Amino acid sequence: MPRRSTEDPRRRIPRTDSLLAHPEIARASATMSARVVRDLVRAAQDRARAGQITPEQVLDEVLAALGEGAASSLRPVLNATGVIVHTNLGRAPLSETAREAVQDAAGYTDVEFDLATGARSRRGAGARAALLAACPEAEDALVVTNGAAALLLATTALAGTSEVVLSRGEMIEIGAGFRLPDLITSTGARLHEVGTTNRTHLADYEQALGPDTGCVLRIHTSNYRVIGFTSEVPLAELVGPCRGAGVPLVADLGSGLLAPEPLLPSEPDAATALRDGADVVLASGDKLLGGPQAGILLGRAEVIARLARHPLARAVRAGKLTLAALEATLTGPTPPVLAALRTDADRLRERTTALAERTGGRLVSHDGRVGGGGGAEVPLPGWAVALDPELAGPLRTGRPAVVATVREDACLLDLRCVPEDQDDVLIAAVEGARAQGATAEPLR
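Here is a short report on the structure shown in this document. Everything quoted here is computed from the prediction, not taken from an experiment.

On to the packing of helix α6 (residues 125-134) against helix α14 (residues 320-331). Viewed as axis vectors pointing N to C, α6 and α14 meet at an angle of 30°, and their least axial separation amounts to 8 Å. Between α6 and α14, the angle is such that the two are roughly parallel. For the crossing formed where α6 meets α14, the hand is left-handed. Side by side, α6 and α14 meet where G126, A127, A130, L131 and A134 of the first sit next to L323, L326, E327, L330 and T331 of the second. Of the residues in the contact of α6 with α14, the class split is 7 nonpolar, 2 polar and 1 charged.

Set out below in structure tokens:
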């Protein structure tokens, strides 16, 4: 009888140094760090040691991993949910103009340097000028990292350890359990709550104003609505009492409209709030404005200067990539967010009908949403393609990844946020998802 081999197959696993010296693996090191390449090699070797692949498959495994590798773990996604500012999908997609601006700013740039004089200049002067041009009602502007940073800076710089007067109807919690009152008090300011959850009157604010008042804050309830027996004080009516008490009036829009939007008549905008008398308005760079995530502060010159001088302003200042993208969004063509909001209804139905015919789905009515804490409860009438619900998973894990909505035993594809030149890509993704389902092994 022939003698059985007792050789341990793990001894055939290629050595790390020989794998790293392989020409194709060596070439990959030009676009990936040596650490990342080495980790991929070790992962393949570990799979072979565990018996998940054979030693002879290690090289192919490494090459496949290198081929799929990217500089970032973030994957591009086709947003077929109909939610325009989708927080979980990165909120606002940047316009091509804004993407080019980010690319240009990726290297050295004159973000805080005057090329003509060779002297230091004001940081982000271009973004500031673009904001003031887009919102002439503002005397000055300041850009920080995000909306929460804008609120934190405003209340900290204006109130310090004094009181921030805020209606109980505006004690807001946003995503992931994040509560704005906790943010406001985190640096020492004290909240002076006025009114009730559903009704707050001018007298409530007037009685709260006093020597301990640092500022009066109005926060738009952008992610919910209180209906029924309700009352709130218009911003313009607060100006007189605030000026009389010598305290600033701060308006947090909760989104990023700089001017009124006819499709969202109940959504506040910076221009109107400033005309109504707010001393400083807080807005978002991405929500409805359609640019990068950023916090925007607009208002009276002396108030903005006071905020800019505060030490916290240095900790929350925006970087060059944000400033570049924001300026390009403001000076460029209509950004994707507003284009999706203002989608032509007839064209949307034509595209959706064609998608249904080519994928074998059903055309159904489907309301889109603004999302991202804007336009709460405002439906955006439209259509979607209804497919088998089992396709939702393969679509999410495919290339490209497609995120749909699963509702009433159907996978719904809404084209509102899908660029028209990506329709064929989406159809191919559906075909790939069906093929993946057909070849999947049945569960045992």
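To continue, consider the pairing of strand β9 (residues 280-284). Burial of β9 is extensive: 5 of the 5 residues sit out of reach of the surface. Burial along β9 is two-sided: V280, L282 and S284 facing one way and V281 and A283 facing the other are all buried. Judged from the 3 bridges that link them, strand β8 (residues 249-252) and β9 form a sheet pairing that is parallel. Paired with D252 across the strands is L282, a residue of β9. Note on the crossover from β8 through helix α11 (residues 270-275) to β9: the handedness is right-handed. Bridging between β9 and strand β10 (residues 295-299) involves 5 bridges; their strand directions are antiparallel. Directly across from L282, in β10, lies its bridge partner L297.

About the cut-offs
- Counting of residues starts from 1 at the beginning of each chain's written sequence and follows it residue by residue.
- Where local features are concerned, this predicted model is filtered to residues with pLDDT of at least 70; where side-chain atom pairs are given and counted, the filter is 80 or more; whole-chain, interface and lining totals use all residues.
- Where side-chain values are given, they derive from all heavy atoms of the structure, hydrogens and water being excluded.
- Interaxial angle, 0 to 180 degrees, is taken between N-to-C directions of lines fitted to C-alpha atoms, where a helix line uses only the stretch in contact.
- By the criteria applied, helices consist of DSSP H or I runs no shorter than four residues and strands consist of E runs no shorter than two, each listed in order from the N terminus.
- Note on angle classes: values under 35 degrees are labelled roughly parallel, values over 145 roughly antiparallel, values of 65 to 115 roughly perpendicular, and the remainder oblique.
- By definition, turning the near helix anticlockwise from the far helix through less than a right angle yields a left-handed crossing, and turning it clockwise yields a right-handed one.
- Should any heavy atoms of two residues lie within 4.5 Å, those residues are considered in contact.
- Side-chain classes are defined by residue name, with Ala, Val, Leu, Ile, Met, Phe, Trp, Tyr, Cys and Pro counting as nonpolar, Asp, Glu, Lys and Arg as charged, and the others, Gly among them, as polar.
- Relative accessibility thresholds used throughout: buried, under 20% of the residue-type maximum; exposed, over 50%; partly exposed, between the two (1.4 Å probe, protein chains only).
- Only strands joined by at least two bridges in the DSSP assignment are considered to pair.
- Looking down the strands as they point away from the viewer, one classifies a crossover as right-handed if the path from the first strand across the helix to the second runs clockwise.

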